[in-house]
Each structure stands twice: as structure tokens, then as C-alpha cells.
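Descriptive analysis of the structure
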Amino acid sequence: MIDDKSTRSAVHRALETLVRPVPELPAKAFQRVRAERGADAMSGWRRWSQAAGVLAAAALVAVVGIALHQAASERSRLGPAPTTSPNFVAPTSAAKGPGATIAWLDNLTGVDANGHIVGTIPASVALRSPDGNTLYALAHQKVEVYSATTGKLERTVSRTGSGDTAAVTPDGRYLAILGGNPQGVEVVDLLAGRSAAYAALTGPFSNDLKFVLVSADGSRIVAVGNFWQASAVAVLRFDGSTLRVERQAVSGQPGHRLPNCDGMAPQNAFGGLPERLLPDGATLVSFCPGDGLVSWVDLSRLTIAAQVRVQEQNPFWLSPVFSTGSMLYVHEPGTRRVTSVDLLKRTIVRSAVVNAKASTAMNPLRWLADTLFPPAIAGGIPRSAAVSPDGTVLFVTAVFGDGIGVLAVGVRDFHVIGQWKLDGGGSLWLSGDGQTVFVTNNGGDRLSILHLSAGTVVTVTPSMPAFDFLTIPN
Amino acid sequence: MKPAPDPDLVRTAKAGDEAAFEQLLRPLIDPAYRFACVMLNDPGAAEDVVQEAAVKAWRKLDQLRDGFDPQPWFLGIVANQCRSLRRTRWWSTAKVAEVPGGIGATDERIARDQDLRNAILRLRPRDRAVVTLHYFLDLPLEEVAAVTRQSVAAVRSQLYRALHRMRPSLEIQEGLR
């Protein structure tokens, strides 16, 4: 049991370092108020313009209120049964383990396809193994290993560092952990149950937005730090027992231009950041929803080799998904636009608006409501798309004429091959076997589970709000 | 126990008295700044937010009801200001704390404080707000409810959920005692 007094004391100690004393702040604040007061006194007409602004804003709010009310009414008219696509055959896969059929929500609760809660993990953040069977939670000087099927703690593995960002090697044997103090990359051998190697890093790798990636053969590890400003990248080589830094650079150093993303990333970002290493292990690809830029970084020279820009209307809408192949799909729920990018050819293959087949009775003001109040969490992006295990079908959340739901879209021609209405349209996750789609609603208090083959839906209410899922690395 | 605000001071400030307004707001600046520092994890941005909130407080002073504690009212303005800034700057929820003590500091306590700090910074903004207001600014639940405009019961349940998420870091801290 955690008592209130010790919690208070721990929180004080932990947060005190975030505050930089500014004794002159009251004076600065009052000076600012005086300046505003003086400006207002000199410009009486401004009060009239403010009043006009308030009236205009009130009118706008009224219009949007009507639009939102209409939208809410539409949702409330949704029946319990979805519109099914009886001929739809979901591509399946046996490549993942049985744990991959369990959805793990960002509140670290596991839910199976029938809506039963299989367990809850007492951690603040976790990531999933590539086969989907295991969850790893980083704790002080240890990694806790949980079963994704039951949520039970299976074992703990010791570690020496205090990094807080991790990636698993494709074979599931090693965990690369970035960060800590002193900062560095630690490789933990999950099979042997001990720390295997460590390499210190210099540069901005501990703070701010960072991530770590592992190549397909597990021999190359790429650490990226300070991704929201002047990014730093380090390339490391791991041979099973030793880890060494091959090269590293910070954006802006002579000869090094690296992408950044102004801090925009899905919440609970383990395994969900829009970055990946290409199969050759020599190229890093990143996507930034803030500006729509896809960047290819040559890891031998540590500089951007190519960039393309994906069309966007609102960066809070863009939900990037990397397929199991070398494709990137970007979905913009607000405009229903899907864009595919060939990561090997470094080109945009197709970009088109994808609509439900019978898009009727659309609320004419919905676009205005969506524009002003995009269905996203500030600082985060709903994960609104997923690719089937064989890479041929893209599942996206969609707005129907009288509700919201899920569309299945062929990745080659973007034709809609299946559609289902659901009571939700926040983040979406496809089970590892490709048979079940889980969708949160925007309020985080409802989870809809769509069985693709049967066309049936189960709706459950999570015990704690849930907005997103822990993805399985591919 | 905090002293009750002087009703005359509020009335005088609302009547346009500059000195009274500054006297009213001065003790609120520091807690507001501390709150903004945690919400934004950026002291520079927190300074801007508090200054902007002070201007807004002056403009909205007539909304402060007589007899009401100005602190929750002002912190509410700061919370809104933080929210606006987060929206406009695509603020990251994944941004974590700066490491105290500089590179090379290896003290176990520092590392554990950092774990807890990161756990708090990873909370959703609304959860982070209630944790900060209650455990860092030491506001009673009633005032946290007033700042966040929800019921005390809702705040209590939100705190419970947030602590549940932070539990591993907190238990580590407990173990150190």
C-alpha cells in the first residue's frame, strides 16, 4: 500500500528539479499586465473589436455546437449490430504466437477477442515481443517479463542501467534499452537473464523524445535522441557479447542533417513511433506527422538521403503505419485520405480519399466540427490504421454517413473491400492473427471488438480509460 | 491552513486598483509557475504561460466571485493556457525530464527520482494535472476539483488511477525509505 505522505514526499523530490527558480517572474508578469493595460487604455476601439471577436466566436461555437450535436445524434442512432461485409475474408497468419490475439491497451490491461480481461500489468509502460506472446516492463535495475496471454509475471531479468526506452530484437532474445544516467545503450540477454553489453553515449540521448531501433538480424542498433529538436543519431554494432558505437552525429554538425519532429508522437510510444530500419540495416526511415515529411537517413553518412512529403490537412489526424513489407501507409481520419509510400523506391505510390461505399446522409457541418475539434488527444495521435499480417489489406477507422466504423481497403488500389459500423473511432489495433479488430472510442471508455469473419461485435467498458494499444513490432 | 483571501482586496482589485491586483496575484505566481513547469516540462515555456495567465487574470478579474479563493481560479487559467500551448506546439507526451546532477551522476536516489519523474511526465495531461496539484502543490482535493472543474469524487478516482499507473516507481521509492 502506498501512503499519502510518502507519495507526496517522493513526488516533491522527483519534480523539484523541473522547476528553475525565477525570482523575477512576478515582476515580469506584472510588467506584462501593465503593458497590456496601457495598450488597452490607448486603444479604446480594441474593446469593440474584442466584443465583435467574442460575438463572432460565439456564433462559430454555436455553429460548431450544432454540428457536434448532429454528430452525437448520429452516433446515438447506431444500432448494436454492425453493417457486415459477409463476403470479406480476412487474411490470416500463424506467424505470431497465441498471445498476439490479446489486445493490450495503453492502461496495460489485456483483453481477448471475446472482451474478457485476461490481466492487468502493474507497470507504467511496457512493450511487446515480436511474436506477441510476451510483455516487457522496465523497472529499476530489472526487466519484468509478463505473459501476454495471462498477464502474469513470468520472471525478472536484471539490468544495470536506468534507460527507459527499449526495442526487442526480431528473434526476441535481446532487449536494447536507451537512456539512463549516465546515458547509453544497454543490451539485456532475455534468454540468459542478465545484462549482456553496454555502450556509453555522448550527446542528447537521455532527455526529450528518443527511441531505439534494432536491425532485422539484430547486429545493428540505432539510437535516436532529442528527436523533437536537433536530433542525435548513434549507430552501434552488437555481436552477441560486445556493443560498440560505430558512429554518431547531431543534426547541424557539418555534413549531418537529420530529421526531427517537434515532439509529436503517439502516446505510450513504445513500438508505435513512426520510425523503422529498412531490412538492409543501413537506412533509417522516419515520418513526422507535424510536417508530413518522410525522411530516409543514410546511416553510413548520418545525413538525410531523401525526403518526400505526404499531403496533410491537420497533423493531429495523421496516423502512420509501417507494413510488414517495406511500405509506409499514412491515414488521415479527418479527410479519409490514405497515402502509400514505397520505402525502397523512396516514392509516394498512391494517395486517395477512401470512403465507405454507401456514404449517405452525411452531416454537412461535420467537416467544420472535425476541423476545429479534431478527434485526437493533444500531443498524441490516434492510431487509426493497421495492416493485415500478409500486407495486402489496410484497416482504417472511418466516418460513415450515419456513424463511424472500420473500412478494409486493398493496399494496391485502395478499393473498399469490407466495412463495418462500430460504436467507436479512436485508435485501432489488429490482432496478430489478423482476425480481430479492436477499436477504442474517443472518450477512452469503450472498446469495440470486431470479429472480421463473423461480422459480429463485442463492446466492453475498460475499468480504466484506454485510448491506445501496445503494438506488436513487425 | 491557508489564510482566507481578503474580500476587500478582491473588491479593490476588481475596481481597477493595480496595486491590489498585484497584491492579490503575487503569492499565486510561484505555485502557478511550478504547476506549469510540470505540465510543460519546460521552464521557459512555463514562464511565458504564467505571464500570459496573469494578463488573462487581469482581463477576467470580474469573473472572480467575492469570497472565492483566487488560487484555484488562477491555476485554472494557467491549466487552460498550458493546454492551449500544448495544442499549438504539438507538445510531446513522450518528452521526459532533464537529468539532474549532470552526466556522470550515479546516485541511486537520483535515478529513482528520475524514474518517478518520468512516470509522472508520461501521465496524460489531465492526470498529470491532478497529481501535480495534489502532491506537488499540496492542494486539498476540493481545490484540485475547483481548478480542474470536476467533482471531488472524480478527482479522487483520477488520482487513484494515476497512482496505479505510477505504482512501480512509487513502490521503488517506498522500498528506499
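Because the structure is a prediction, the values reported are computed rather than measured.

Calculation rules
Counting starts from 1 at the beginning of each chain's written sequence and moves along it residue by residue. Note on labels: chains are lettered from A, ligands numbered from 1, in written order. Totals for whole chains, interfaces and linings use all residues, but because this is a predicted model, local features are given only for residues with pLDDT of at least 70 and pairs of side-chain atoms are given and counted only at 80 or more. To get the side-chain values, take all heavy atoms of the structure and skip hydrogens and water. The rule for a salt bridge is simple: a side-chain nitrogen of Lys or Arg has to be within 4 Å of a carboxyl oxygen of Asp or Glu. Partly exposed residues are those whose accessible area sits between 20% and 50% of the maximum for their type, while under 20% is buried and over 50% is exposed, using a 1.4 Å probe and protein chains only. Any two strands with at least two DSSP-identified bridges between them are counted as paired. Strands are runs of DSSP state E lasting at least 2 residues, helices are runs of H or I lasting at least 4, and numbering of each runs from the N terminus. Between N-to-C directions, angles span 0 to 180 degrees; the directions come from axes that are lines fitted to C-alpha atoms, helices contributing only their stretch in contact. Buried Ala, Val, Leu, Ile, Met, Phe, Trp, Tyr and Cys residues form a nonpolar core when they are joined through side-chain atoms within 4.5 Å. Contacts: residue pairs with any heavy atoms within 4.5 Å of one another. Here the expected length of a helix is defined as 1.5 Å per residue gap, with one fewer gap than residues. Known as pLDDT, the predictor's confidence for each residue is given on a scale from 0 to 100.

With respect to the pattern of salt bridges
All names here are of chain A.
- Inspection of the entire model under this criterion finds 16 salt bridges over all chains.
- Between R237 and E246 there is a salt bridge; the shortest N-O distance is 3.0 Å.
- The exposure class of E246 is partly exposed, given its relative accessible area of 22%.
- Here E246 ties to R247 by a salt bridge, and the two come within 4.0 Å at their closest N and O atoms.
- Residue classification places R247 among the partly exposed positions, given a relative accessible area of 28%.
- A single network of salt bridges, built from pairs that share partners, joins R220, R237, E246 and R247.

Topic: the sheet that holds strand β16 (residues 275-277) of chain A
Residue and element names in this part refer to chain A.
- Read from one edge of the open sheet, 4 strands run β16-β17-β18-β19, paired in antiparallel fashion. Of all strands in the sheet, those bounded by a partner on one side alone are β16 and β19 (303-309). This sheet shows a mean twist of 15° between the axes of neighbouring strands, independent of strand direction.

Looking at the nonpolar core
- Of all hydrophobic cores here, the largest spans 68 residues; its most connected members are F21(B), L25(B), F35(B), F74(B), V78(B) and M166(B).
- Ranked by residue count, the leading element in this core is helix α2 (residues 18-40) of chain B, at 14 residues.
- Other than its neighbours up to four places away in sequence, F74(B) contacts L25(B), L28(B), A32(B), V50(B), A53(B), A54(B) and A57(B).
- Counting 20 residues, the second largest nonpolar core, distinct from the first, contains V185(A), A196(A), A197(A) and A199(A).

Examining unusual backbone geometry
All names here are of chain A.
- The phi dihedral of Q141 is positive, around 55°, even though this residue is not glycine.
- Turning to its location among the elements, Q141 is positioned in the loop between β5 (134-139) and β6 (142-147).
- Judged by relative accessible area, which is 39%, Q141 ranks as partly exposed.

As for the environment of V330(A)
All names here are of chain A.
- Mapped onto the fold, V330 is located in strand β21 (residues 327-332).
- Between the alpha carbons of V330 and F287 there is a distance of 9.2 Å; along the sequence they are 43 residues apart.
- Residue contacts for V330: discarding those within four places in its chain leaves F287, V310, L318, S319, P320, R337, V338 and T339.

Let's talk about the side chain of R34(B)
- Structurally, the position occupied by R34(B) is in helix α2.
- A residue is classified by how much of its surface remains accessible, and R34(B), at 15% relative accessible area, is buried.
- Sequence-distant contacts of R34(B), defined by excluding residues within four places in its chain, comprise H12(A), E16(A), V19(A), F136(B) and L137(B).

With respect to helix α1 (residues 4-16) of chain A
- Here α1(A) contains 13 residues, and its C-alpha end-to-end distance of 18 Å stays within 8% of the 18 Å for a straight helix at 1.5 Å per residue.
- Here α1(A) has its buried residues at S6(A), T7(A), R8(A), A10(A), V11(A), A14(A) and L15(A).

Structural notes on the sheet that holds strand β2 (residues 109-111) of chain A
Residue and element names in this part refer to chain A.
- The strand order across the open sheet built from 3 strands is β1-β2-β3, with neighbouring strands paired in antiparallel fashion. Each edge of the open sheet carries a strand with a single partner, namely β1 (103-104) and β3 (117-120).
- One ladder, built from 3 bridges, connects β2 with β3; its direction is antiparallel. Looking across to β3, one finds that V111 is bridged to I117.

Re the confidence of the model for chain A
- Mean pLDDT over chain A: 79, with 77% of residues reaching 70 or higher.
- Low pLDDT, under 50, characterises residues 63-82 of chain A; the predicted model gives this stretch 29 contacts beyond four residues in sequence or across chains.

Section: the environment of R194(A)
All names here are of chain A.
- Inspection of the secondary structure assignment puts R194 in strand β11 (residues 194-200).
- Between the C-alpha atom of R194 and that of K142, which follows or precedes it by 52 residues, the distance is 9.0 Å.
- Not counting residues within four places of it along the chain, the set of residues in contact with R194 comprises V157, S158, V188 and D189.

Focus on the confidence of the model for chain B
Residue and element names in this part refer to chain B.
- The share of residues in chain B with pLDDT of 70 or more is 77%, and the mean pLDDT across the chain is 77.
- Note on residues 87-105: pLDDT is under 50 here. Beyond four places in sequence and across chains, it has 67 contacts.
- Scoring the predicted complex yields pTM 0.62 and, for the interface, ipTM 0.85.

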